[in-house]
Amino acid sequence: MTDPELPTPVLDNHLHLDPRHGRGMDAVKDFRNLGGTHLLVVNKPSWHLGVEADDPEDFRAVFEETVDVVAEADELLDGGAWPVLGVHPGLISRLVDERGFSADAARELMQGGLSVAAEYVADGDALALKSGRPHYEVPDAVWDASNAVTKHAFTLGAEHDCAVQLHTEASEDLSELADWAAERGLEPERVVKHYAAGRLRGPTPSVMSERDRLERAAERGEPFLMETDFVDDPDKPGAVLGPKTVPRRVRWLLEEGYEDAVRIAHVETPNRVYGIDTEATLDA
Ligand SMILES: [Zn+2]
């Protein structure tokens, strides 16, 4: 049952669901019962699912698992759920530091994995791609390789007409990344920085749903999305926002008089970035 007091679609733009290790569909029900309607579910890092990729095809198992989970979540929601597939940028450190890959070999594997993810977009089984670069200090060769991977994701986004979610260092100015996307034919607004603060130059911010960050985004009046980055990992229960957070914060934004911002984050920006209509996809 959706909350009758929330007269709007409610989209969490970035979370993970892991029925094998975590709460899975119980988390989706928590989201729904508070008024949540739409989810963009990002595949977990491949090694968290026990996949130590050597070949781009190895990522397929990770993507298949996410597609299956999303189909289940979709059934539970009044709106819908879509997969966002890609290769976690932290993988490069695992490959280089622990598995003996050169930066170049890691780049090649990760670019290949993204090309496999793009096949799912082409087939209509995924909505968008996920890429980016480490948020921590890395050697120059690893940094350059990560940027090359990200550029490949932009090329694929342009080719398949889909958005690209990015994991990056914390920053309020990523206009350089937006420029790289534009140079490859992908509109910068279709590049989404996940885990964003309330302000950002360049890509569209997907704002972590903490009150201060949301207030900044709402005051700005520019396109933004809301997310929790719920990781659905029983070993990290307090590390992230829970699945109830976005509907709760939407309620709070409405109480504070930010109706326009709620419409921007849950109707207009999802449409501009992903081409999804969160109102038309609501069950009557
Ligand atoms: Zn995440």
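Computed from a predicted model, the values in this text were never measured in an experiment.

1. Focus on the overall build of the chain
In terms of helices and strands, the chain carries 9 helices and 8 strands. For the chain, whose C-alpha radius of gyration is 18 Å, the value lies close to the compact-globule estimate of 19 Å for 284 residues. C-alpha extents for the chain along the principal axes are approximately 55 × 40 × 35 Å. Out of the 284 residues in the chain, the part that is buried amounts to 57%. Pairs at least 24 residues apart make up 70% of the contacts formed inside the chain by residues separated by at least 6 positions. Summed over all atoms, the accessible surface of the chain reaches about 11,600 Å², with 44% contributed by carbon and sulfur. For the chain, the distance from the average position of its 28 positive side-chain charges to the average position of its 56 negative side-chain charges is 4 Å.

2. Comments concerning helix H6 (residues 175–183)
Here H6 has its buried residues at Leu177, Ala178, Trp180 and Ala181. Burial along H6 is one-sided: seen end-on, the buried residues are contained in an arc of 155 degrees. Tucked into the core, H6 has its buried residues touching helix H5 (140–160), strand S5 (164–167) and strand S6 (191–196). In the segment just after H6, glycine 185 is the residue with positive phi, at about 95 degrees.

3. Details of the sheet that holds S5
In spatial order, the strands read S1-S2-S3-S4-S5-S6-S7-S8; together these 8 strands make up an open sheet with parallel pairing. Each edge of the sheet is formed by a strand with only one pairing partner; in this case those strands are strand S1 (11–15) and strand S8 (225–227). Adjacent strand axes in the sheet meet at a mean angle of 25 degrees when their direction is disregarded. Sheet topology places strand S4 (residues 128–132) next to S5; 4 bridges connect them, and they run parallel. Across the sheet, lysine 130 pairs through a bridge with glutamine 165, a residue of S5.

4. Thoughts on the environment of alanine 71
Tracing the chain through its elements places alanine 71 in helix H2 (residues 60–76). Sequence separation between alanine 71 and aspartate 229 is 158 residues; the distance between their C-alpha atoms is 19 Å.

5. Let's talk about the coordination of the zinc ion
Binding of the zinc ion to the protein goes through His14 (NE2), His16 (NE2) and Asp229 (OD), at separations of 2.1 Å. Linear spacing of the donor residues for the zinc ion on their chain is H-x1-H-x212-D. We note that histidine 14, like histidine 16, is buried.

6. Some points on the environment of aspartate 97
Following the sequence through the fold, aspartate 97 ends up in helix H3 (residues 91–98). Residues aspartate 97 and arginine 133, spaced 36 residues apart in sequence, show a C-alpha to C-alpha distance of 16 Å.

7. Overview of the side chain of threonine 269
Mapped onto the elements, threonine 269 comes out in helix H9 (residues 259–274). A distance of 2.7 Å separates the side chain of threonine 269 from the backbone oxygen of isoleucine 264, its partner in a polar contact. Not counting residues within four places of it along the chain, the set of residues in contact with threonine 269 comprises Thr204, Pro223, Phe224, Leu225, Ile264 and Tyr274.

8. A look at H2
Relative to the 24 Å expected for 17 residues at 1.5 Å per residue, H2 spans 25 Å between its end C-alpha atoms, a close match to the ideal helical length. Summarising the contacts, the buried residues of H2 are in contact with helix H1 (25–33), strand S2 (38–42), strand S3 (80–86) and helix H4 (103–122).

9. Description of the pairing of S6
Within a regular strand, side chains alternate between the sheet's two faces. Counted residue by residue, S6 has 5 buried out of 6 residues, so it is predominantly covered. Summarising the sheet, S5 and S6 pair through 3 bridges and their orientation is parallel. When the sheet's bridge partners are listed, leucine 166 is paired in S6 with lysine 193. As for the winding sense of the linkage, the β-α-β connection from S5 through H6 to S6 is right-handed. One ladder, built from 3 bridges, connects S6 with strand S7 (residues 204–208); its direction is parallel. Bridging across to S7, valine 192 finds its partner in threonine 204.

10. Let's talk about the pattern of salt bridges
All told, the structure shown has 21 salt bridges when counted by the stated rule. For arginine 184, the salt bridge identified is with glutamate 183, shortest N-O distance 3.6 Å. Relative accessible area serves as the criterion here: at 28%, arginine 184 is assigned to the partly exposed category. Under the relative-accessibility criterion, glutamate 183 is labelled exposed at 60%. Three or more residues are tied together by salt bridges with common partners; here these are Glu52, Asp54, Arg94, Glu98 and Arg99.

Analysis parameters
Residues numbered from 1 in each chain as written. Predicted model: local features only at pLDDT ≥ 70, side-chain atom pairs only at ≥ 80, totals over all residues. Heavy atoms only, no water. Helix = DSSP H or I, 4+ residues; strand = E, 2+ residues; numbered from the N terminus. Rg over C-alpha atoms; globule rule 2.2 N^0.38 Å. Buried < 20%, exposed > 50% of the residue type's maximum accessible area, 1.4 Å probe, protein only. Contact = heavy atoms within 4.5 Å. Areas by Shrake-Rupley, 256 points an atom, 1.4 Å probe, with all protein chains shown as cover. Lys, Arg positive; Asp, Glu negative; His and termini not counted. Charge placed at Lys NZ, Arg CZ, Asp CG, Glu CD. Arc of directions from axis to C-beta. Pairing = 2+ DSSP bridges. Axes fitted to C-alpha atoms, helices over the stretch in contact; angles between N-to-C directions. Donors = N, O, S within 2.8 Å, 3.2 Å for Na, K, Ca; no water. Polar contact = N/O pair within 3.5 Å; in protein donor to acceptor, adjacent residues only side chain to side chain. Expected span 1.5 Å × (residues − 1). Right-handed = clockwise from strand over helix to strand, strands pointing away. Salt bridge = Lys/Arg side-chain N within 4 Å of Asp/Glu carboxyl O.

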